[in-house]
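Residue-level structural notes
Single-letter residue listing:
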Amino acid sequence: TNRNIPIPPDFSSYVLANFDGDFYDVMTLAHELGHAAHWSLLGGSQTWINAEPATAVIETVAMFSEFVVSNWMKRQAHDDDDRLALLIGEIENAIETVFTNAQVHLFVRDVYAAIATGAEPSTDGIAAAWKVRRKTFYPGVIMETDAEVRWVLEDFLFHDPFGSIVYPLAYLLAGELYEQYLRD
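The paragraphs below set out a description of the structure included in this document. What you are looking at is a predicted structure, and each value in this text was computed from that prediction instead of being measured.

Calculation criteria
Residues numbered from 1 in each chain as written. Predicted model: local features only at pLDDT ≥ 70, side-chain atom pairs only at ≥ 80, totals over all residues. Heavy atoms only, no water. Core = buried A, V, L, I, M, F, W, Y, C linked by side-chain atoms within 4.5 Å. Buried < 20%, exposed > 50% of the residue type's maximum accessible area, 1.4 Å probe, protein only. Helix = DSSP H or I, 4+ residues; strand = E, 2+ residues; numbered from the N terminus. Expected span 1.5 Å × (residues − 1). Contact = heavy atoms within 4.5 Å. Phe/Tyr/Trp six-rings, centres within 6.5 Å; stacked < 30°, edge-to-face > 60°. Axes fitted to C-alpha atoms, helices over the stretch in contact; angles between N-to-C directions. Parallel < 35°, antiparallel > 145°, perpendicular 65-115°, else oblique. Left-handed = near helix turned anticlockwise from the far one by under 90°. Nonpolar A, V, L, I, M, F, W, Y, C, P; charged D, E, K, R; others polar. Salt bridge = Lys/Arg side-chain N within 4 Å of Asp/Glu carboxyl O.

Some remarks on the nonpolar core
Listed in full, the nine residues of the largest apolar core are Val104, Phe107, Val108, Val111, Ile126, Ala129, Trp130, Phe156 and Leu157. Among the secondary structure elements, those contributing two or more residues to this core are helix H3 (80-116), helix H4 (123-137) and helix H5 (156-159).

Concerning the environment of threonine 97
Considering the arrangement of structural elements, one finds threonine 97 in helix H3. With relative accessibility at 11%, the residue threonine 97 sits in the buried group. Sequence separation between threonine 97 and tyrosine 171 is 74 residues; the distance between their C-alpha atoms is 7.7 Å.

Structural notes on helix H6 (residues 166-183)
Counted at 1.5 Å a residue, the expected span for H6 with its 18 residues is 26 Å, and the 26 Å between its end C-alpha atoms agrees. Of all the positions in H6, only Val166, Pro168, Ala170, Tyr171, Ala174, Gly175 and Tyr178 are classed as buried. Elements that come into contact with the buried residues of H6 comprise helix H2 (55-76) and H3.

Quick look at the packing of aromatic side chains
Counting across every chain of the model gives seven aromatic pairs. Ring centres 5.8 Å apart and planes at 65° place the aromatic pair phenylalanine 64 and tyrosine 178 in the edge-to-face group. Residue phenylalanine 64 is found in helix H2, and its partner tyrosine 178 is found in helix H6; the two are separated by 114 residues along the sequence. Among the residues examined, tyrosine 178 registers a relative accessible area of 3% and is labelled buried. Between phenylalanine 67 and tyrosine 178, the ring centres sit 6.1 Å apart and the planes meet at 20°, which makes this aromatic pair stacked. Residue phenylalanine 67 is found in helix H2, and its partner tyrosine 178 is found in helix H6; the two are separated by 111 residues along the sequence. As far as burial versus exposure is concerned, phenylalanine 67 and tyrosine 178 are alike and both buried.

As for the environment of isoleucine 165
Within the secondary structure, isoleucine 165 is located in the loop between H5 and H6. Judged by relative accessible area, which is 39%, isoleucine 165 ranks as partly exposed. Separated by 61 residues in the primary sequence, isoleucine 165 and valine 104 have C-alpha atoms spaced 8.3 Å apart.

Considering H2
Since the α-helix turns once every 3.6 residues, residues separated by three or four places project in the same direction. With 22 residues, H2 should reach 32 Å at 1.5 Å per residue; the first-to-last C-alpha distance of 32 Å fits that figure. Of all the positions in H2, only Ile58, Glu59, Thr60, Ala62, Met63, Ser65, Glu66, Phe67, Ser70, Asn71 and Met73 are classed as buried.

Comments concerning the packing of H2 against H3
As a packed pair, H2 and H3 sit with axes 9 Å apart at the nearest point and diverge in direction by 165°. In terms of their interaxial angle, H2 and H3 are classed as roughly antiparallel. Handedness of the H2/H3 crossing: left-handed. For the pair formed by H2 and H3, the contact residues are Met63, Glu66, Ser70, Asn71, Met73 and Lys74 on the first element and Arg83, Leu86, Glu90, Asn93 and Thr97 on the second. Considered class by class, the residues forming the contact of H2 with H3 number three nonpolar, four polar and four charged.

With respect to the packing of H3 against H4
At a minimum axis distance of 9 Å, the contact between H3 and H4 shows a crossing angle of 145°. The hand of the H3/H4 crossing is right-handed. Taking contact as the criterion, the partners of Phe99, Ala102, Gln103, Val104, Leu106, Phe107, Arg109, Asp110 and Val111 in H3 are, on H4, Ile126, Ala129, Trp130, Arg133, Arg134 and Phe137.

Notes on the pattern of salt bridges
In the structure shown here, the tally under the stated rule is four salt bridges. Across the pair glutamate 90 and lysine 74 runs a salt bridge, and its minimum N-O distance is 3.0 Å. Within this pair, whereas glutamate 90 is found in helix H3, its partner lysine 74 is found in helix H2, the two being separated by 16 residues in sequence. The partner of aspartate 110 in a salt bridge is arginine 133, with the nearest N and O atoms 2.7 Å apart. Remark: arginine 133 occurs in helix H4 and aspartate 110 occurs in helix H3; sequence separation between them is 23 residues. In this structure aspartate 110 comes out as partly exposed when scored by relative accessible area, which is 23%. Relative accessible area serves as the criterion here: at 13%, arginine 133 is assigned to the buried category.

Below, the structure written as structure tokens:
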């Protein structure tokens, strides 16, 4: 379960992550450090009552950090092949942000539509809905054996069921803010 909480000024932020040094690990670390910096900066100015900003704000800050790090990496690249590899990683990241979150949104919609008809949400029923959505977005791709229950690892289904839709919007906003940052 991921929970973001503001950090009081006299505490330190920590990010725990697996790290092998590839592009995706670097972007994940940049993203999570963006969250940590954001919470550290908020810690001294927010009360516990108003301390959690909207998901779109939280993710915009984290994705802005990804843009900063990614563009720094491109400037440090040794040659055009390295820059191309980084650009491909950025494109894959953008596609993943949009498609994964669209998939999650439609999956949650399916589950809640079934609940609205009076269906009792069962593990098997939710797993079947997940499998259908996975096949819709990735036809012909053989899923790993635990793909049907992968949704269990996330708490979004009942904690923030339609929160996934803000991720593509936050990505676009972070990109625009980064472009504005470069212009200024």
